[in-house]
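Structural overview
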Amino acid sequence: SSSVDNALRRVDAFVEFLTKCQIDWYCFHDRDLAPECATLRESNATLDRVVQHLAAQTKAAGKHLLWGTACLFAHPRYLAGAGTSPSVQVFAHAAAQVKKAMEVTHQLGGQGYVFWGGREGYTSLLTKDMPRDLRHLASLLHMAAAWKKELGFSGQLYIEPKPREPSVHQYDYDAATVLAFLREHGLLGTFTLNI
């Protein structure tokens, strides 16, 4: 189920699995840990509750967070993108979700934070404005870099190229495209690739 109680039980099972397999490092999406609730405030409170339990369990088991991320692709709101969405409400929700996921990653001692662009692209050029979309995506990444600094998070910020998942064309589909995007928007050196 998607209950908080089940999320807490999944943490126990996950840490047991890591221990039995002798895996010392793990990664997560925010929605892997805690279910999405009716509002962002409720979702964040649920995430905080589960993360508190995860922090205690992983510390006791000697497990460490490699990187965390926000799931900005599974919910139907992200059908037209997260950072590249034409809807300001969707963009704002994505930015708030990234903000919280970065806080949690920092709280858990993560070594990095990853951006997955599964929905940052288009199915048809007739419905997208590529230059505008890329400026919006760059704005989201600049805000994340500023938040990283404000948090005091020393981990690396990554973008993970995700070829054709699930859009016909993605703005981050290969390493060369991502590096050119970072260079064009003054983000090279602030972000690197997670390949």
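Everything in this summary refers to the structure shown in the same document. Sequence order as written defines residue numbering, which begins from 1 separately in each chain. Selection of residues for local features in this predicted model requires a pLDDT of at least 70, selection of side-chain atom pairs for listing and counting requires 80 or more, and totals for whole chains, interfaces and linings are taken over all residues. Where side-chain values are given, they derive from all heavy atoms of the structure, hydrogens and water being excluded.

1. As for the nonpolar core
Note on soluble globular proteins: their nonpolar side chains tend to be buried together. The set of buried Ala, Val, Leu, Ile, Met, Phe, Trp, Tyr and Cys residues whose side-chain atoms join them within 4.5 Å is what this entry labels a nonpolar core. Think of it in three bands: residues with accessible area under 20% of the maximum for their type are buried, residues over 50% are exposed, and the middle band is partly exposed, with areas taken using a 1.4 Å probe on protein chains only. By size, the foremost hydrophobic cluster in this structure holds 29 residues, and its most contacted members are Val98, Tyr113, Phe115, Leu141, Phe181 and Phe191. The set of elements that each furnish at least two residues to this core consists of helix H4 (88–107), strand S3 (112–116), helix H5 (130–151), strand S5 (156–160), helix H6 (175–184) and strand S7 (191–193). Secondary structure elements are taken from DSSP: a helix is a run of H or I of four residues or more, a strand is a run of E of two residues or more, and numbering for both begins at the N terminus. Element by element, the count of residues in this core is highest for H5, at seven residues. Setting aside anything within four residues of it in sequence, one finds Val98 in contact with Ala70, Leu72, Tyr113, Phe115 and Ala144. Within the second largest apolar cluster, 17 residues are counted, among which are Leu18, Leu33, Val50 and Leu54. Contacts between residues were defined by any pair of non-hydrogen atoms, one from each residue, lying within 4.5 Å.

2. Section: the side chain of Lys148
As for its position among the elements, Lys148 is in helix H5. Notably, Lys148 is buried but unbridged: the nearest opposite-charge side chain belongs to Glu150, and the N-O separation is 14 Å. Whenever a nitrogen or oxygen atom comes within 3.5 Å of another N or O atom, the pair is scored as a polar contact, on the condition that within protein one atom can donate a hydrogen and the other can accept it, and that pairs from neighbouring residues in sequence are kept only if both atoms are in side chains. In this structure the side chain of Lys148 is engaged in a polar contact, spanning 2.8 Å, whose partner is the backbone oxygen of Gly155. Every residue in contact with Lys148, bar those within four places of it in the chain, is listed here: Met102, Phe153, Ser154, Gly155 and Leu157. Under this rule, positive means Lys or Arg and negative means Asp or Glu; His and the chain ends count for nothing. For salt bridges, the criterion is a side-chain nitrogen of Lys or Arg within 4 Å of an Asp or Glu carboxyl oxygen.

3. A short note on unusual backbone geometry
Phi at Gln22 takes a positive value of approximately 55°, unusual for a residue other than glycine. Secondary-structure assignment places Gln22 in the loop between helix H1 (4–20) and strand S1 (25–29).

4. Observations concerning the packing of aromatic side chains
Centres within 6.5 Å are what make two rings of Phe, Tyr or Trp a pair, Trp counting through its six-membered ring; a difference in plane orientation under 30 degrees is then read as stacked, over 60 as edge-to-face, and the rest as tilted. Per the stated rule, a full pass over the model turns up four aromatic pairs. Judged by centre distance (5.7 Å) and plane angle (80°), the rings of Phe14 and Tyr26 are edge-to-face. In this pair, Phe14 is assigned in helix H1 and Tyr26 in strand S1, connecting sequence segments twelve residues apart. Tyr26 sits in the buried class, given a relative accessible area of 4%. Pairing Tyr113 with Phe115 gives two aromatic rings, centres 5.1 Å apart and planes at 75°, and the pair type is edge-to-face. Here Tyr113 matches Phe115 in class, with each residue buried. A connected cluster of aromatic rings, assembled from ring pairs, spans Tyr113, Phe115 and Phe191.

5. What to know about the pairing of S3
Here S3 lies mainly inside the structure; five of its five residues are buried. Only strands that DSSP links by at least two bridges are regarded as paired with each other. In this sheet, S3 lies alongside strand S2 (residues 64–69) in parallel orientation, the contact comprising two bridges. Across the sheet, residue Trp67 finds its bridge partner in S3, namely Gly112. Note on the crossover from S2 through H4 to S3: the handedness is right-handed. Pairing analysis gives five bridges linking S3 to S5, with the strands arranged parallel. Pairing of Tyr113 across the sheet is with Leu157, part of S5. Seen with its strands pointing away from the viewer, a crossover is right-handed if its path from the first strand over the helix to the second goes clockwise.

6. Focus: the pattern of salt bridges
One pass over the full model with this rule turns up nine salt bridges. Linking Lys63 and Asp24 is a salt bridge whose minimum nitrogen-to-oxygen distance equals 3.3 Å. Of the two residues, Lys63 sits in the loop between helix H3 (40–61) and S2 while Asp24 sits in the loop between H1 and S1, which places them 39 residues apart along the sequence. Taking the relative accessible area as the measure of exposure, Asp24 reaches 39% and is therefore partly exposed. Of the charged contacts, one joins Arg31 and Glu36 as a salt bridge, the two residues approaching to 3.6 Å between their closest N and O atoms.

7. Looking at H6
Restricting attention to buried positions, one finds in H6 the residues Val178, Phe181 and Leu182. For H6, the angular spread of the buried residues around the axis is 95°, confining them to a single face. For H6, exposure combined with an orientation more than 90 degrees from the buried face picks out Ala176, Arg183 and Glu184. Where H6 is buried, its residues contact H5, S5 and S7. The arc in question is the one traced by the directions running from the helix axis out to the C-beta atoms.

The values reported here are purely geometric and, on their own, carry no functional implication.
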